[in-house]
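Here are the chains, one letter per residue:
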Amino acid sequence: MNRFVLPFVVFLALAGVLYIGVKHSPDKSTMVSALLGKPAPAFELPVLGEARKLSSREFAGKPWVLNVWGTWCGECRVEHEALLAIAQQKLVPLVGLSWKDEDAAAQQWLAQLGNPYTVVAVDKEGRTAIDFGVYGAPETFLIDAHGVVRYRHVGAMSLDVWQQEFVSRLKRGGLP
Amino acid sequence: MRFALLITTLLVSMRVLAIDTTVLPDAEKQARYEALTHELRCMQCMNNSIADSPVGLASDLRRDVAEQILAGKTDDEIRASMVKRYGNVILFTPPLDRSSAWVWFTPIIAAVAGVFIGIRIVRRRSQLVEQDDSVVETDDATR
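1. Quick word on the overall build of chain A
Check the secondary structure of chain A and you find five helices and seven strands. Element order for chain A, N to C, with α for helix and β for strand: α-β-β-β-α-β-α-β-α-β-β-α. Taking 2.2 N^0.38 as the reference for a compact globule, 176 residues should give roughly 16 Å; the C-alpha atoms of chain A span a radius of gyration of 20 Å, well beyond that estimate. Here the C-alpha coordinates of chain A stretch approximately 80 × 35 × 30 Å along the principal axes. Looking at chain A as a whole, 36% of its 176 residues are labelled buried. Sequence-distant contacts, at least 24 apart, represent 75% of the contacts inside chain A between residues at least 6 apart.

Printed below as a string of structure tokens:
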């Protein structure tokens, strides 16, 4: 009987390791941002449809949300309704980052589907997106009043995700 | 002759079809560029390097690598800048730290444990064989 104990323990250990491995397998939708708890990268980008530039410094002292999108991105269309509803709540500025897109296409998209954004920054070359560690649109970042990245959601935004991950964090100390 | 022509055509087409056509001003920088772009993971298509990936994000990251090389950054600084933005997952060879230690050491521990278990099994078997021999001998003796 005794001789089965060690193999059984080894089996349990292996099963445990594999279970953890399967549970935490690299799922693209759950990859944790390397920027969590770090200062959000600074940027200065043209504003969509305006002649001025937008600096990330303008948001200092208040929490804000950055949503990376593009008209070439299917999931961005999926999340658009949710973004419009979120904008209605007027909790935080919802800043759009038009990622590697044509301005005309982006403007047409907003005219047709409605514009949830407080302001849209244009990242035509994708440099700011790289600085934020973006690897696929849409991605949505929560930046707190100190300019620190608090959360990143990869994939289409929904009202559930918004309530659970964003509003809860805003209530915990993000709101001014 | 036909064979030589075929090879030439294939070689030429390889160069033309290459995803990355960046050429840096000197050979040393070019070599560093090619090495670095092969050790960085394309985050959109997990098992390609940014050198081999045709997606827009990969070309943005290649441009970033090229610009940093031209700006005089060292290879380590460039790797660090990538890890800062995307995390260790962007390196095909992640560094040894607390979170990755088990990945590096589990195989070694498993191999050592395997050797010990193997030795134990072989020893036990060899003892069994001795016992078997004595049984066979008594068997022969009774015949």
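2. Re the confidence of the model for chain B
Residue and element names in this part refer to chain B. Mean pLDDT over chain B works out to 83, with 79% of the residues at or above the 70 mark. Taken element by element, the predicted model of chain B shows its lowest mean pLDDT in helix H1 (residues 2-17) (62) and its highest in helix H4 (residues 75-86) (95). The ipTM for the predicted assembly is 0.80, set against a pTM of 0.77.

3. Thoughts on the packing of helix H2 (residues 27-39) of chain B against helix H3 (residues 56-70) of chain B
Residue and element names in this part refer to chain B. At their nearest, the axes of H2 and H3 sit 10 Å apart, and the two run at 145° to each other. Two packed elements cross with a definite hand, and for H2 against H3 that hand is right-handed. Residues Lys 29, Arg 32, Tyr 33, Leu 36 and Thr 37 of H2 touch H3, and the partners they reach there are Arg 62, Val 65, Ala 66 and Ile 69. In terms of residue class, the contact of H2 with H3 is made up of five nonpolar, one polar and three charged.

4. Examining the interface of chain A and chain B
The partner chain B presents 13 residues to the nine residues of chain A that form the contact. Across the side of chain A that touches chain B, the residue classes tally to four nonpolar, three polar and two charged.

5. A closer look at unusual backbone geometry
All names here are of chain A. In this structure, the amide linkage connecting Ala 137 to the following residue, Pro 138, adopts the cis form with an omega of -5°. Positionally, Pro 138 belongs in the loop between helix H4 (127-131) and strand S6 (139-143). The phi angle at Lys 90 is positive, at roughly 55°, despite the residue not being glycine. Within the secondary structure, Lys 90 is located in the loop between helix H2 (74-89) and strand S4 (94-99).

6. With respect to the nonpolar core
With 56 residues, the main nonpolar core has Val65(A), Leu66(A), Val68(A), Val95(A) and Ile143(A) as its most contacted residues. Take this core: its biggest share by element is six residues, from H3(B). Not counting residues within four places of it along the chain, the set of residues in contact with Ile143(A) comprises Ala40(A), Phe59(A), Pro63(A), Trp64(A), Leu66(A), Val148(A), Val149(A) and Arg150(A).

7. With respect to the environment of Ala66(B)
All names here are of chain B. For Ala 66, the location among the structural elements is in helix H3. With 20 C-beta atoms packed within 10 Å, Ala 66 lands in the buried category. Linking Ala 66 and Arg 32, residues 34 residues apart in sequence, is a C-alpha distance of 9.4 Å. If we skip the residues at most four places from it in the chain, Ala 66 touches Thr 22, Leu 24 and Tyr 33.

8. A closer look at the sheet that holds S6(A)
Remark on secondary structure: sheet strands pair via backbone hydrogen bonds, oriented parallel or antiparallel. Residue and element names in this part refer to chain A. If you walk across this open sheet you meet the five strands as S5-S4-S3-S6-S7, and the pairing is mixed. Of all strands in the sheet, those with a lone pairing partner are strand S5 (119-123) and strand S7 (149-154), marking the two edges. The average undirected angle you get between the axes of adjacent strands in this sheet is 20°. Relative to S6, strand S3 (residues 64-69) runs antiparallel, the two sharing five bridges. Within the sheet, the bridge partner assigned to Trp 64 lies in S6 and is Ile 143.

9. Points about the environment of Gln30(B)
Residue and element names in this part refer to chain B. Assignment of secondary structure puts Gln 30 in helix H2. A tally of 15 C-beta atoms within 10 Å means that Gln 30 is categorised as partly exposed. Non-local contacts of Gln 30, meaning those with residues more than four positions away in its chain, are made with Val 23 and Leu 24.

Calculation criteria
- Residues numbered from 1 in each chain as written.
- Chains lettered and ligands numbered in written order.
- Predicted model: local features only at pLDDT ≥ 70, side-chain atom pairs only at ≥ 80, totals over all residues.
- Helix = DSSP H or I, 4+ residues; strand = E, 2+ residues; numbered from the N terminus.
- Rg over C-alpha atoms; globule rule 2.2 N^0.38 Å.
- Buried ≥ 20, exposed ≤ 12 C-beta atoms within 10 Å, placed from the backbone.
- Contact = placed C-beta atoms within 7 Å.
- pLDDT = per-residue confidence, 0-100.
- Axes fitted to C-alpha atoms, helices over the stretch in contact; angles between N-to-C directions.
- Left-handed = near helix turned anticlockwise from the far one by under 90°.
- Nonpolar A, V, L, I, M, F, W, Y, C, P; charged D, E, K, R; others polar.
- Core = buried A, V, L, I, M, F, W, Y, C linked by C-beta atoms within 7 Å.
- Pairing = 2+ DSSP bridges.

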